[in-house]
Amino acid sequence: MPSALPAGDPAPTDGTLPESASAGLGDRPFGFYVHVPFCATRCGYCDFNTYTAEELGGGASRASYVETAVAEVRLARRVLGEVDLPVRTVFFGGGTPTLLPPGDLTAVLAAISDEFGLADDVEVTTEANPDSVSAPDLEVLRAGGLNRVSFGMQSAVPHVLRTLDRTHDPARVPAAVDWARAAGFDQVSLDLIYGTPGESLADWRISLDAALASDPDHVSAYALIVEEGTALARQVRRGEVPMTDDDDLADKYVAADEALAGAGLGWYEVSNWARDPAARCRHNLLYWQGADWWGVGPGAHSHVGGVRFWNVKHPAAHARRLARGESPAQARELLDEETRRVERVLLEIRLSAGLERAVLDDAGRAAVPGLVADGLVTEVGDRLVLTLRGRLLADAVVRSLLP
Amino acid sequence: MSSKSAPPPGHTDPAILRNFCIIAHIDHGKSTLADRMLQLTGVVDERAARAQYLDRMDIERERGITIKSQAVRMPWTVAEGNDEGAEPGDYVLNMIDTPGHVDFTYEVSRSLEACEAAILLVDAAQGIEAQTLANLYLALGADLHIIPVLNKIDLPSAQPEKYAAELAGIIGCDPDDVLQVSAKTGLGVEKVLNEIVKQTPAPVGDADAPARALIFDSVYDTYRGVVTYVRVVDGKLSHRDRIKMMSTGAVHEMLEVGVISPEPVKAGEIGVGEVGYLITGVKDVRQSRVGDTVTSQHGGAAEPLGGYKHPNPMVFAGLYPIDGDDYPTLRDALDKLQLNDAALAYEPETSGALGFGFRCGFLGLLHMEITRDRLEREFDLDLISTAPNVVYQVTMEDGSVHEVTNPSEYPEGKIAEVREPVVKATILSPSDYIGTIMELCQAKRGQLGGMDYLSEDRVEMRYTLPMADIVFDFFDQLKSRTKGYASLDYEVTGEQAADLVKVDILLQGETVDAFSAIVHRDAAYSYGVMLAGKLKDLIPRQQFEVPIQAAIGARIIARETIRAIRKDVLAKCYGGDITRKRKLLEKQKEGKKRMKMVGRVEVPQEAFIAALSNAPSAEKPKK
Ligand SMILES: Nc1nc2c(ncn2[C@@H]2O[C@H](COP(=O)(O)OP(=O)(O)OP(=O)(O)O)[C@@H](O)[C@H]2O)c(=O)[nH]1
Ligand code: SF4
Ligand SMILES: [Mg+2]
């Protein structure tokens, strides 16, 4: 079951943003997230806003999705006005973007390029399922302007993949990486999940080694979260599989950091490691650095100049609104100064670049010596940077910095 | 049948007045029977009716129990040729619905003073239970006529014949005299009303004598000030009077006189035998004390009526605001609650762990829990309560004596003797459980005082038990070991010397005074192990290791460790997660507010409550 959207203020049907949002538009980096809400089957742990063919029902289809997405790109242009707004990053995520014909993704990219223009050094990523992507697909994508690919590898251990309901053959991952390299992708990233019920520390090391054997430019490693409403949560409740264990997750995080750093990948965000600064995912940095982006697609979130808004969740409702020429935004949230400050603390502290001290208020600053003494943060110039222990306790650090 | 022209207050011939209360064990259906009477007499119409109409407080409605007695005036016309043989005509009934829980026995006993008869209600599926007997004895002590009634005869499990015999055996009447009703369906209730008219003696008093009225309840109302409930014995009280409180001689202007029917109805006056209310503009119930006699300022009575014994608090616990800034709010809130609850006692105290708070005295655990609930709800407070305890008398070898209401004040040094309060407990149970109950009572240091068979298969067992055990888990254990069949009533009867010790709990080597408890030496070790284990489960992991120790003096008797938390971070935080993540942070901050910092350790409220909750959650004593 896809998780629920947050509550917010109503958003106007034409999508108009408050004036405050357009101030400084174009000065901050700007990007697009394109959500592709389709999957072949639903994985047991997944609460993303994604739909299998059966779940989709009438009113929306994979075939017509490209049209809907392009319509939203055009609407974004109308809403944002004719400012010079070259797009620095585009990210196709899901769901499973590679379930769409590759031409659909490149068509959406072309529409973005048409409406806004792409920056010279634009980063265009797609997530790809090792199962549903082929060498020719990757060639079409590369030719259409995509230059970064992130494979949902998750694990190299068959029993772990099975528990996750992932259907791919582990051997398919290195193959897909090779195809991507051959097709000319600049950056290849692998996504991993640790802490799956039944996964041993040794299993996790096998996955890490397997990932590193493909020599990726970038790795994301996420602790499995048992989300409410998922099949996995029900299995846990029925006692069929054990709940994730925080100590186990901590051990595996430490193992990941060791293995990745050993292979020359440095952390730059709590769950992300890159070969070098150029290999960091610039799109994700957009989120963490308070830049602007437009999220296309059902349930996608956008942020423009201190206004967060998010689209209606169901693909059919999303398509219907756009077909009527209306904004698909369901609700929005105007962030006041303090809220923006709070967000800066909770996002920037997660980065290796750290959080500028100046963002803290007096009470937050007063907590710093204690955090340093406890070995949770170090002071690097005027910035606070999490230690390894601090990364594992980042939420506690945030609570101390925002008392 | 309801009357169109009900006799007005102040002009009602005592001969047609019938004052009665409904008493029973908890949950036997008193308030439901009252509902049917309110409807049959027409004072509450179908439209306004709701179940347990007289349970007006939120907390009563939520818990489905009565806490405060309620008096209602109802007109009733007895028809010609009624089956009961009651004298036809118009009557005025004053009914008082009372609580059944043992903590509120004092509510019952004062209600009795306003009545000439009591309906002793017994659930026909349960039979006589401990509070049935306790309340019966109270009513007999107040010289009331008893009208035995079996309720819930609609239940398939009802055994009216068996329990009519049991009831008759206890009261000393004929089983055929036991009335049978279903308060739920209304079956038999009209008959009960006619029987009340027939059996209840009319009140007697001297209409021409100086006014004398007994205060049986006194309630603070935000809008009207103190509302005083009285039963007039002699003379009359008129809204033009100035009245005098006989215990203090204080004189008050009378602003309003009236009766409750079932909402307040103003009247010019109330006379002999009538039950009503007075409003004098007084703001503090202590100026209008329950048990006092009201008379007129001029030509007043010389002799007051007999009063009541004021209830003493039996159970003590510390109440602390989680947020220290709320201390003044808590103090004001206690002041306000005490206006309506003379049994609530409190005085300021300080705890090393919990800061500033109050040591509060309650009648029992339910009283304690309800008070805490009301404080949190009505005054928007977050409170921590320490484990309940009783009062100990500690005599030192040098002869000095300390009264300990708070375990952390247990004296150091050479102790000659410790005395603890004991209760006389009455347990009613099917005879199958005699062995089990004896075992339990022995484990709790009880002494069997006697045992009687109420009927072939039901016994009454009388035990002397340490009050401290009643305050802890005795009732829960009694219930669970007898599959819920046994019932318990108790009263404090005295004290005894006992071999008691103080068990302390240390977090990170520091004693947390709020966790200290006084227990019997033989039970100290298992108590320490139990509590340390429980705290280990209740206190969340912190960023550092937290050792928990239980100790008697300097001797450690149990030890546990809460391991340090190693992971507290959300793995993912992308565009769509930010709003949610921020809201989660807000929620976590709220949660943290409900934690108490003990040294560097964040201790959740539940730890303080549940620490001793082998000790009862007091809401259990229902049923
Ligand atoms: N079946 C049935 N249930 C009844 C009858 N009378 C009361 N009850 C139920 O018994 C429960 C307790 O009823 P109350 O009227 O609240 O009992 P009470 O004696 O006033 O309880 P306290 O005031 O808390 O001592 C409720 O669930 C009633 O609905 C009856 O005649 N038949
Ligand atoms: S493939 Fe990804 S998005 Fe689709 S169901 Fe599985 S985990 Fe969820
Ligand atoms: Mg009741």
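This text follows the structure it describes.
Summarised in this report is the structure supplied together with it.

Rules of the game
- Residues numbered from 1 in each chain as written.
- Chains lettered and ligands numbered in written order.
- Predicted model: local features only at pLDDT ≥ 70, side-chain atom pairs only at ≥ 80, totals over all residues.
- Heavy atoms only, no water.
- Phe/Tyr/Trp six-rings, centres within 6.5 Å; stacked < 30°, edge-to-face > 60°.
- Buried < 20%, exposed > 50% of the residue type's maximum accessible area, 1.4 Å probe, protein only.
- Helix = DSSP H or I, 4+ residues; strand = E, 2+ residues; numbered from the N terminus.
- Lys NZ or Arg CZ within 6 Å of the ring centre and 35° of its normal.
- Donors = N, O, S within 2.8 Å, 3.2 Å for Na, K, Ca; no water.

### Structural notes on the packing of aromatic side chains
Line of reasoning, step 1. If you walk through the whole model with that rule in mind, you get 18 aromatic pairs over all chains.
Line of reasoning, step 2. When the centroid spacing of 5.5 Å and the interplanar angle of 75° are considered together, the rings of A:Phe30 and A:Phe32 count as edge-to-face.
Line of reasoning, step 3. Classification of A:Phe30 as buried rests on a relative accessible area of 1%.
Line of reasoning, step 4. Of the residues examined, A:Phe32 reaches a relative accessible area of 0% and is grouped as buried.
Line of reasoning, step 5. Taking the centre distance of 6.4 Å and the plane angle of 25° together, the rings of B:Tyr433 and B:Tyr485 count as stacked. In this pair, B:Tyr433 is assigned in the loop between β23 (415-430) and α9 (434-443) and B:Tyr485 in the loop between α10 (467-481) and β26 (487-497), connecting sequence segments 52 residues apart.
Line of reasoning, step 6. The exposure class assigned to B:Tyr433 is buried, which follows from its relative accessible area of 13%.
Line of reasoning, step 7. Exposure remark for B:Tyr485: the relative accessible area of 49% places this residue in the partly exposed category.
Line of reasoning, step 8. When the ring centre of B:Tyr53 is taken as reference, the NZ or CZ atom of B:Arg50 above it lies at 5.2 Å.

### Comments concerning unusual backbone geometry
Line of reasoning, step 1. Across the junction of A:Gly94 and A:Gly95, the peptide omega takes the value 20°, indicating a cis bond.
Line of reasoning, step 2. Relative to the helices and strands, A:Gly95 is located in the loop between β3 (87-94) and α4 (102-116).
Line of reasoning, step 3. With omega at -10°, the peptide bond leading from B:Ser261 into B:Pro262 counts as cis.
Line of reasoning, step 4. By the secondary structure assignment, B:Pro262 is in the loop between β12 (256-260) and β13 (264-267).
Line of reasoning, step 5. Residues other than glycine seldom take positive phi values, yet B:Asp27 does so here, at roughly 75°.
Line of reasoning, step 6. Turning to its location among the elements, B:Asp27 is positioned in the loop between β1 (17-24) and α1 (30-40).
Line of reasoning, step 7. With a relative accessible area of 22%, B:Asp27 lands in the partly exposed category.
Line of reasoning, step 8. At B:Gln52, a residue that is not glycine, the phi angle is positive and equals roughly 45°.
Line of reasoning, step 9. Relative to the helices and strands, B:Gln52 resides in the loop between α1 and α2 (58-63).
Line of reasoning, step 10. B:Gln52 gets classed as partly exposed once you look at its relative accessible area, which sits at 26%.

### Details of the coordination of the magnesium ion (ligand 3)
All names here are of chain B.
Line of reasoning, step 1. Coordination sphere of the magnesium ion (ligand 3), protein contribution only: Ser31 (OG) and Thr66 (OG1), at 1.9 to 2.0 Å. Of this pair, Ser31 sits in helix α1 while Thr66 is found in the loop between α2 and β2 (70-78), placing the two residues 35 residues apart along the sequence. Of the two residues examined, Ser31 and Thr66, each falls in the buried class.

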